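Structure assessment
Below, each chain spelled out in residue letters.
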Amino acid sequence: MSRSTPTGMSRRHFMSHLTGASAMTMPALAMGNTLLANADDLKRRRKSAILLWMGGGPSTMDIWDLKPGAPTGGPFRPIATSGDVQISEHMPLMAKQMHNMAIVRSMSTREADHGRGRYYMHTGYVPNPNIEHPSYGAVLSHQLNHQRPELEIPPFVTVGGGSVGPGFLGMAWAPFSVNSNGQVRNLQMGLEDQRLYQRMYALDLIESGFINQRRGSAASDHQKILKKTLNLMTSSQMDAFKVAGEPEDVKERYGNTNFGRGCLMARRLVEQGVPFIEVGLGGWDNHNNIHATLRDTKLPELDQAMSALTEDLEQRGLLEDTAIIWMGEFSRTPRINGNAGRDHWARSWSVVVGGGGMNGGIAVGETNSDGTRVETEPYTSQDVMASVCKALGISLQTTFTSQNGRPMKIANSGKVIKELFS
Amino acid sequence: MTLSKQIGFVGMKRQLWTFTVLGLLTQMLSFPGDVDAQNEASDYGIQEVAEINRLIRQGWSDYEIRPSAAAPDGEWVRRLYLDILGRVPSVDELREFTKDRSPEKRKALVTTLLYDEEYTEQYANNWTTIWTNVLIGRSGGTERNSLINRPGMQKYLRDSLARNKYYNEMVFDLVTATGSNTPGTENFNGAVNFMTMKLEEKAAQATAKTSRIFLGLQVQCTQCHNHPFNEWKQQKFWEMNAFFRQTRALRRFETGTRNVSHVELVNESFQGEGLTKDPDKADIYYELRNGITKVAYPVFVDGQTINPSGYVEDVVRRNELGKLMMESRYLDKMLANRMWAHFMGYGFTKPIDDMGPHNPATHPELLDYMGQQIRKKNFDLKQLISWIALSESYALSSRSNSSNESLDDPLLGETPKFSRFYMRQMRAEELYESLITATRALEGRGSYEEQEELKSRWLGQFVVAFGNDEGEETTSFNGTIPQALMLFNGDLVKKATSSDKGSFLSELASSELNNTQKINYLFEAAFARKPNMNEVKVANQLLAARKGDLTAALQDIWWAVLNSNEFILNH
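Of the regular secondary structure elements, chain A holds 11 helices and 14 strands. Counting across all 422 residues of chain A, residues that qualify as buried make up 61%. Within chain A, contacts between residues at least 6 apart in sequence are counted, and of these 73% link residues at least 24 apart. Accessible surface for chain A amounts to roughly 15300 Å². Of this, 49% is attributable to carbon and sulfur atoms.

Written as structure tokens, this is what we have:
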């Protein structure tokens, strides 16, 4: 894939020559990468995940768990779907895809502040001043990366959103953040390869000298990033970001919105072998005038893009190996406030998952008649994460060692949501 | 075939850049491997510095750790310029300092950077950037139809910082400001920009951000419920909130049009939210989780009450709040914590603006002491900066030793003990200014406003919003691929490494300096140190590969230097 020098050396090959002792240190788990000979075999079973992140905290009782007639229910009506569940009337296209998706209606969490909720739902851990936990994208790409030795672009991509960082896994697993038009800035150097290598050689020498002075991980992390950057600069795989080249009718199906283009890019990246993509859609912090906002802007945008993505993945045979997770940091109060809005609420809400072999067309758990309480076994961020790991074939016995030697179980020892797999 | 041959480093017949043995020895001696600070550090005859050193050392002996060695002059002076002026020192500034042999030269340099007129503008600009980001975020005022005027915010801060206005007076201004947000309009008062966009939804953001930024109290959760971890109750949020309810941000239009000309922050009498509308006792209401409605009047965090009248003729609630905040110990402790974190990389609490019994400080006695002392000095920011910048901890190397390597690394989850300097990424603004300093591009820059415009356009590529009503944002700048790409190939670095006529490198190449001096110059400009033997060797290889084209070889070296960890980290 990468271009080669006249002497036949690719940039990737060149980088592997650069010494830098610390560039060799990897988190303990990366050593489990067994050398699998057959690339086709690898490709066939490689797993991916797409997180549709709803920044601000969407009101799930107006989308996935309606309470028509309840005083808290709001004006939206439920409609039938291709699965054994009902969803909001303003999600007509998703209604045709629900046989692929499961709604977990008994989510019950405790973090109702944006920052804390974002952290908790991304990591499975509550914020702790002494440690930074890795987010979904860092954990899953770290675990799945070995399935695609040919991948030259970053394994954790976020489109149009903030996400949460790699924590103790280190900057090498940080999200690569792009906007939805897929244009990556500053890609072109305009320098002949030979001269670039010579510069890189000098740079690596300076870097390594500094790293060897016991200054800590910030110095060595930088060297890993340089290596990834060089890989990416010369890779034809970068074409996966170019959504503009898709046929017009395809783009139309996803919607002419940032989120639509982001979802289309996610599909292209999965096809290219990227193990984790997060696509962000903000604007769900509806303290005011919530139902008009949902009906007129948020839900149409979500419905179109999410349904096109699900449909495409299914048609291309990718859904079996690709987990989709739809969630925000929390949901919104069943009570409608004085400004016709809903405030932050984490005690009873829904997330939606699908693909990766998880059961579709079902609702897991339920809330009471006005949506203020879960009536069945409550599930948490950890449980969703554990279930996604299971769907992707990642062992729940996997344990990370944080930099201070503390063992950390993957998904914070969450339990698999069994209805998704029976 | 070796790698260096494969990439074309061949046929080098002679050393084109020489490096003396004497130089090498000096180099080795100035970087000792594993030694600790032998002697008590100087306190420069400043009582506060002595006490800070004593309390920090007490922590070291409690944990039985040896601090790292003292940082060499070059490293210390580089971090001082970065932390006070927001840029690396120029080669001239560096050399003037290192050749000075007087024992009090560090104190003299701190005084120069803080008080010499030559640096007033740079000092004010740097701290304006820092405070603007704290008060309105990196994106505040950059969106269309924003109620914030970013240049207005910056103008207020620059004016105040340039004349070293006392911090408590600045806080009072920001909390109580009225007037127009836009420079050049009637009644202009840039301080209003802190609050113009925080008044929606019953001023929830004004309440949360004022408490958080100035008092270190995180109350945002308690808008809707009692806080699960700290002592704040929902009632307290709304009592604090009641101080902001006379305040309104009004759009003013260009005469005869619907185009917004500016925003004016005003205090208006508030009749209360109750059914009876009794402005003499203007009350507000909030809902408990169980749906029960409760009433609240303005009450400060410590329980002090004010006249509950909503009439501005009787009482301007924000002015009363401002006065109460001035007396609060939270104000001085929050300032001490923020400034310590700015210079040291970590504060006494994490996050720095979440203080209280639920989140105990690592050095409570020191935090209390610094807060008290700065209050005694009328909240003079420059004095506080001097104490911290001259403290022993700030002067330690960022290299760890066998004693503190794992025991004092906050990245490993340890609480900071300040037994070494914690390396950190330069902020995006610091990197920008440092690139400009290092390439001597300061001359002939446009006005402050023009520079800010250019800089903010450049910074825009790294700002990522989280999409919620609290306007939270993050940056994709720190140590990521987009940052590396920007330094590899971005316009700013292309300019910095340009070999065009009149550019930094072409001037350096054609200067009277000999080749060794030219290489030294580049390393000193970026790292505040001379190159080592290996680095000189690779410079020679590059010169040979460029077939003796000196400018081209300098270009290659300069590119490598600017892209290195040692350049982008404050160490």
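Anyway, onward from the coordinates.
Another aspect to go through is the sheet that holds strand S7 (residues 276-281) of chain A. Residues and elements named next belong to chain A. The 8 strands lie next to each other as S6-S5-S7-S1-S8-S11-S4-S12, forming an open sheet whose pairing is mixed. In this open sheet, the two edge strands, each paired with only one partner strand, are strand S6 (176-178) and strand S12 (362-364). The mean inter-strand angle of the sheet, taken between neighbouring strand axes irrespective of direction, is 20°. Of the pairings in the sheet, the one linking strand S1 (residues 48-54) to strand S8 (residues 322-327) comprises 6 bridges and is parallel in character. Residue pairing in the sheet places isoleucine 50 in a bridge with isoleucine 324 of S8.

Our focus in this paragraph is helix H4 (residues 73-85) of chain B. All names here are of chain B. Helix length check: H4, at 13 residues, gives a terminal C-alpha distance of 17 Å against a target of 18 Å (1.5 Å per residue), a fit within 8%. Summarising burial for H4: 12 of the 13 residues are buried, a large majority. Taken residue by residue, H4 has Gly74, Glu75, Trp76, Val77, Arg78, Arg79, Leu80, Tyr81, Leu82, Asp83, Ile84 and Leu85 as its buried positions. At the exit of H4 stands glycine 86, carrying a positive phi of roughly 80°.

In this section: the interface of chain B and chain A. Interface size is commonly expressed as the accessible surface area that is lost when the partners come together. Listed per partner, the contact involves 79 residues of chain B and 72 residues of chain A. When chain B packs against chain A, the two sides together hide about 6400 Å² of surface, and 58% of this comes from carbon and sulfur. Contact with chain A buries surface across chain B, with B:Ile7, B:Ile481 and B:Asn565 losing the most and accounting together for 10% of the total. At the boundary of chain B with chain A, the tally comes to 6 salt bridges. Among the ionic pairs, A:Arg335 bridges to B:Glu287, the shortest N-O distance being 2.9 Å. Along the contact surface separating chain B from chain A lie 17 residue pairs in polar contact (both at pLDDT 80 or more). Every element with two or more residues in the side of chain B that touches chain A is listed here: helix H1 (3-6), strand S7 (463-465), helix H18 (481-489), helix H19 (491-496), helix H21 (515-527), helix H22 (533-545), helix H23 (550-562) and helix H24 (565-568) of chain B.

Residues and elements named next belong to chain A. Where burial is concerned, the two faces of strand S5 (residues 156-159) agree: the one with Phe156 and Thr158 and the one with Val157 and Val159 are both buried. Alignment of S5 against S7, held across 4 bridges, turns out to be parallel. Bridge assignment links valine 159 to a residue of S7, and that residue is valine 279. As paired strands, S5 and S6 are joined by 3 bridges and run parallel to one another. When the sheet's bridge partners are listed, valine 159 is paired in S6 with valine 178.

Residue and element names in this part refer to chain B. Pairing within the open sheet is antiparallel, and its 3 strands lie in the order S1-S3-S2. Since the sheet does not close on itself, it has two edges, and those belong to strand S1 (179-180) and strand S2 (247-253), each with one partner. Of the pairings in the sheet, the one linking S2 to strand S3 (residues 260-267) comprises 7 bridges and is antiparallel in character. Along S3, the bridge assignment pairs arginine 248 with valine 266.

Here B:Glu392 is to be found in the loop between helix H15 (381-389) and strand S6 (424-425). Of note is the side chain of B:Glu392, whose polar atom sits 2.6 Å from the side chain of B:Arg57.

Taken as a class, soluble globular proteins show a tendency for nonpolar side chains to be buried jointly. Ranked by internal contacts, the top residues of the largest apolar core, which has 123 residues, are A:Leu52, A:Trp64, A:Leu302 and B:Trp558. Residues lining this core come from more than one domain, with at least three contributed by each of domain 1 (3-19 + 444-570) and domain 2 (31-115 + 329-425) of chain B. If we ignore the near neighbours within four places in the chain, the residues touching A:Leu302 are A:Met54, A:Met91, A:Phe259, A:Leu281, A:Trp284, A:Ser307 and A:Trp326. Grouped together as the second largest cluster of nonpolar side chains are 104 residues, B:Trp60, B:Ile148, B:Phe300 and B:Ala395 included.

What counts, and at which threshold
- Residues numbered from 1 in each chain as written.
- Chains lettered and ligands numbered in written order.
- Predicted model: local features only at pLDDT ≥ 70, side-chain atom pairs only at ≥ 80, totals over all residues.
- Heavy atoms only, no water.
- Helix = DSSP H or I, 4+ residues; strand = E, 2+ residues; numbered from the N terminus.
- Buried < 20%, exposed > 50% of the residue type's maximum accessible area, 1.4 Å probe, protein only.
- Contact = heavy atoms within 4.5 Å.
- Areas by Shrake-Rupley, 256 points an atom, 1.4 Å probe, with all protein chains shown as cover.
- Pairing = 2+ DSSP bridges.
- Axes fitted to C-alpha atoms, helices over the stretch in contact; angles between N-to-C directions.
- Expected span 1.5 Å × (residues − 1).
- Buried area = accessible area lost by both parts, 1.4 Å probe.
- Salt bridge = Lys/Arg side-chain N within 4 Å of Asp/Glu carboxyl O.
- Polar contact = N/O pair within 3.5 Å; in protein donor to acceptor, adjacent residues only side chain to side chain.
- Core = buried A, V, L, I, M, F, W, Y, C linked by side-chain atoms within 4.5 Å.
- Domains from an automatic or database assignment.

Treat this as a map of the structure, not an account of what it does.
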